[in-house]
Amino acid sequence: MSASNVSRTASPLRPRLLGRSVVNLVVLVSVLYTLLPVLWLVLASTKDRDALFSSDILSLSGFSFVQNLKDLFAMDGGLFGRWYGNSLLYAVLGAALGALISIACGYAFDKYRFAHKEKLFGLVLAAVMVPQTVLALPLYLMASGTGLVNTFWAVFIPVLFNPFGVYLGRIFSQGYVPDEVLEAARMDGAGELAAYFRVALRMLGPGLVTIFLFQLTAIWNNFFLPMVMLSDQDLYPVSLGLYSWNSSASVSPEYYPVVIMGSLLAVVPLILAFALLQRFWRSGLTAGAVK
Amino acid sequence: MTSTTPVSVAADATAPPSPRSPAATAPSQKGRRSARRRELGACGVLMTPFFVLLVTVFLIPVATAVHLSFFSDDQPGLGFGPERTVFAGLRNYTAVLADPTFLGGLGVVALYCLVYIPLMVIGALVLALLLDSGVVRLRGTVQLALFLPHAVPGIIAALIWLYLYTPGISPVIDLLGRADLTVDFLGVHMVLPSIVNIALWSNLGYNMVVFYAALQAVPREVIEASVVDGAGPVRTALQVKAPLVRSSIVMVAMFTLIFALQLFTEPMLLSQSTPMINSRFSPSMYIYDAAFTRNNYGLAAAASVILLLCTIALSYGVTRWTNRAAAAEEAAR
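Residues numbered from 1 in each chain as written. Chains lettered and ligands numbered in written order. Predicted model: local features only at pLDDT ≥ 70, side-chain atom pairs only at ≥ 80, totals over all residues. Heavy atoms only, no water.

**A short note on the interface of chain A and chain B**
Part 1 of the reasoning: Counting residues at the interface gives 98 residues for chain A, matched by 103 residues for chain B.
Part 2 of the reasoning: Here chain A packs against chain B, burying approximately 9200 Å² in sum over the two surfaces, 78% of which is carbon and sulfur.
Part 3 of the reasoning: The tally of links from chain A across to chain B stands at zero salt bridges.
Part 4 of the reasoning: At the junction of chain A with chain B, the criterion picks out 13 residue pairs in polar contact (both at pLDDT 80 or more).
Part 5 of the reasoning: The element contributing the most residues to the side of chain A that touches chain B is helix H2 (residues 13-44) of chain A, with 15 residues.
Part 6 of the reasoning: Of the residues assigned to the side of chain A that touches chain B, the class counts are 69 nonpolar, 18 polar and 11 charged. (Contact = heavy atoms within 4.5 Å. Buried area = accessible area lost by both parts, 1.4 Å probe. Salt bridge = Lys/Arg side-chain N within 4 Å of Asp/Glu carboxyl O. Polar contact = N/O pair within 3.5 Å; in protein donor to acceptor, adjacent residues only side chain to side chain. Helix = DSSP H or I, 4+ residues; strand = E, 2+ residues; numbered from the N terminus. Nonpolar A, V, L, I, M, F, W, Y, C, P; charged D, E, K, R; others polar.)

**Let's talk about helix H7 (residues 171-178) of chain B**
Part 1 of the reasoning: The N-capping residue of H7(B), defined by a side-chain oxygen 3.0 Å from the backbone nitrogen of B:Val172, is B:Ser170.
Part 2 of the reasoning: Downstream of H7(B) by one or two residues, B:Asp180 has phi in the positive range, about 65 degrees.

**Points about the nonpolar core**
Part 1 of the reasoning: Grouped together as the largest cluster of nonpolar side chains are 199 residues, with contacts concentrated most on A:Phe109 and A:Trp245.
Part 2 of the reasoning: For this core, the element with the most residues is helix H8 (residues 191-216) of chain B, which contributes 17 residues.
Part 3 of the reasoning: Not counting the four nearest positions on each side in its chain, A:Phe109 is found in contact with A:Phe114, A:Lys117, A:Leu120, A:Phe121, A:Val124, A:Val166, A:Arg170, B:Met47 and B:Phe51. (Core = buried A, V, L, I, M, F, W, Y, C linked by side-chain atoms within 4.5 Å. Buried < 20%, exposed > 50% of the residue type's maximum accessible area, 1.4 Å probe, protein only.)

**Considering the confidence of the model for chain B**
Residue and element names in this part refer to chain B.
Part 1 of the reasoning: Looking at chain B as a whole, its pLDDT mean stands at 83, while 88% of the residues score no less than 70.
Part 2 of the reasoning: Here helix H1 (residues 6-12) stands out as the least confident element of chain B, with mean pLDDT 37; helix H4 (residues 100-132) is the most confident, with 94.
Part 3 of the reasoning: This model gives residues 1-25 a pLDDT under 50, and the stretch forms 36 contacts once residues within four places in sequence are excluded.
Part 4 of the reasoning: Complex prediction metrics read pTM 0.85 and ipTM 0.85. (pLDDT = per-residue confidence, 0-100.)

**Section: the packing of aromatic side chains**
Each pair of aromatic rings is reported with the distance of its centres and the angle of its planes.
Part 1 of the reasoning: Within this structure, the stated rule accounts for 45 aromatic pairs over all chains.
Part 2 of the reasoning: With a centroid separation of 6.3 Å and an interplanar angle of 45 degrees, the aromatic rings of A:Tyr33 and B:Trp161 are classed as tilted. Separated into two different chains, A:Tyr33 in helix H2 and B:Trp161 in helix H6 (residues 154-165) make up a pair that spans both.
Part 3 of the reasoning: Note on A:Tyr33: relative accessible area 25%, which makes it partly exposed.
Part 4 of the reasoning: By relative accessible area, B:Trp161 is classed as buried at 9%.
Part 5 of the reasoning: On the basis of an interplanar angle of 65 degrees and a centroid distance of 5.6 Å, the ring pair of A:Tyr256 and B:Tyr163 is categorised as edge-to-face. Placement of the pair is A:Tyr256 in helix H15 (residues 255-276) and B:Tyr163 in helix H6, with the two residues belonging to separate chains.
Part 6 of the reasoning: On the basis of relative accessible area, A:Tyr256 is assigned to the buried category, the value being 15%. (Phe/Tyr/Trp six-rings, centres within 6.5 Å; stacked < 30°, edge-to-face > 60°.)

Right, dumping it as structure tokens:
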């Protein structure tokens, strides 16, 4: 704060105050920009179909939050419950397993020396920028060749691949696991893998959570791959399910309140995850940014 | 999934002994070699799961896409007889590049990038600088509020905004209507800005937090020194702070570019409600349409490879350009 004190004595007070209010106003407007659409979603989820189209969003008439919730889980024989379960399974299991795989590889890149290491790491980084749409058709053909198409595995296996997680894992390993600690573990006669699983992995905990969170978001958002791989509605994740319901809504408007309520519920898990794990992802963003 | 991973190949190669294990007590040659072997073994075990995935869901698919792009399904005669796959040379590529719908899609994405990327990078950077200036109240809350859309899945963000663009449901259009303004957000001129808005809304806060984190890491003495030199807050922000977080700016620009080129989810959802977006609106939608609606795998693969090459060329261009700019700045000092 000493910086602003210095400049305050240097410049006249009035423009400074004006600058302050303009800055706060700009920030306030951007906060409203990000918050209001979410607020609209919350309000719209409480409306029945007629109230939704009457476009007076703040009036309390046609309040039917509970009814919408019931409708959502009753629609099409309770499909939404299945979709939600599928999404949780794909995202939580996939992110946990994927984060463990990525961080182990990133740790090995940091702590061991072997031939062509940096070239191999370059390949990992290159994988980050290849568009998913490029991989989708070959993956589909491979999945249909092995009979995996339209199964859980067709979506689950590709999402485990997280090259950015390896990049982060290497940085976290540099930052959190001092070489001396590993040396001490070796002196105590611990094997290389034991040193990793008993000592290093514990120190990498915060990094692991960060990678998990990034991957959780990515898988929960995943839309293209399930769309290509799945035709059985029972296997859909929430994103694809709501997409298909929304396409029905233009023909049968009873889907509108259900899609809105479903969207609201689809937002909840990530908000919870980000709120609970706040201190981890903040450090992760810094690690990703400082190169 | 029985492929040998590159790691095991690398691990077999004879490498010089690690500098970490030796030294201390100068162990016997034999002991050192077995320690080295144990290290490489552990390294292989830790890397294998990832590289198995890299080969199966990345390298093989990319190779398959390139391979497929050189073949096409030929129907002999007048569509009678069995289909057979024949080598087509560059025919798929010429077909894609001569297809006005594909070129139109490339044009759409180019325009989208030109509008979206500067808005995103500058918007996020300005917000981060404002937050870092120390005059904003409730900084923690503001950060969380701006970050919130990142927790909203892309398809849900598109859904919310689709409803906010739909007359009858949208309070926005209602308010504009009371001010005697009619805006057709899904009309021919507004559809691209509407998509830019969805992407901006989703990612602005996330990138702002990235910049803010980098700004917080700038040593305070540097900033105080510039203030003592008589620089006002605006000059400090633009000429001292912003250049110091250049690597974050490059990274954000790069990721924004890579994801912008893949434009798919938002137009796909909006296409359910507006005739202005056809099924080949963007290159990614063209690929999806070619592969899964028209079942023309060769054409889809060729379009994929072209999209991939564009991505690589542009990323390379961005890196080169920023490196050169950095070097020029160094020289100027």
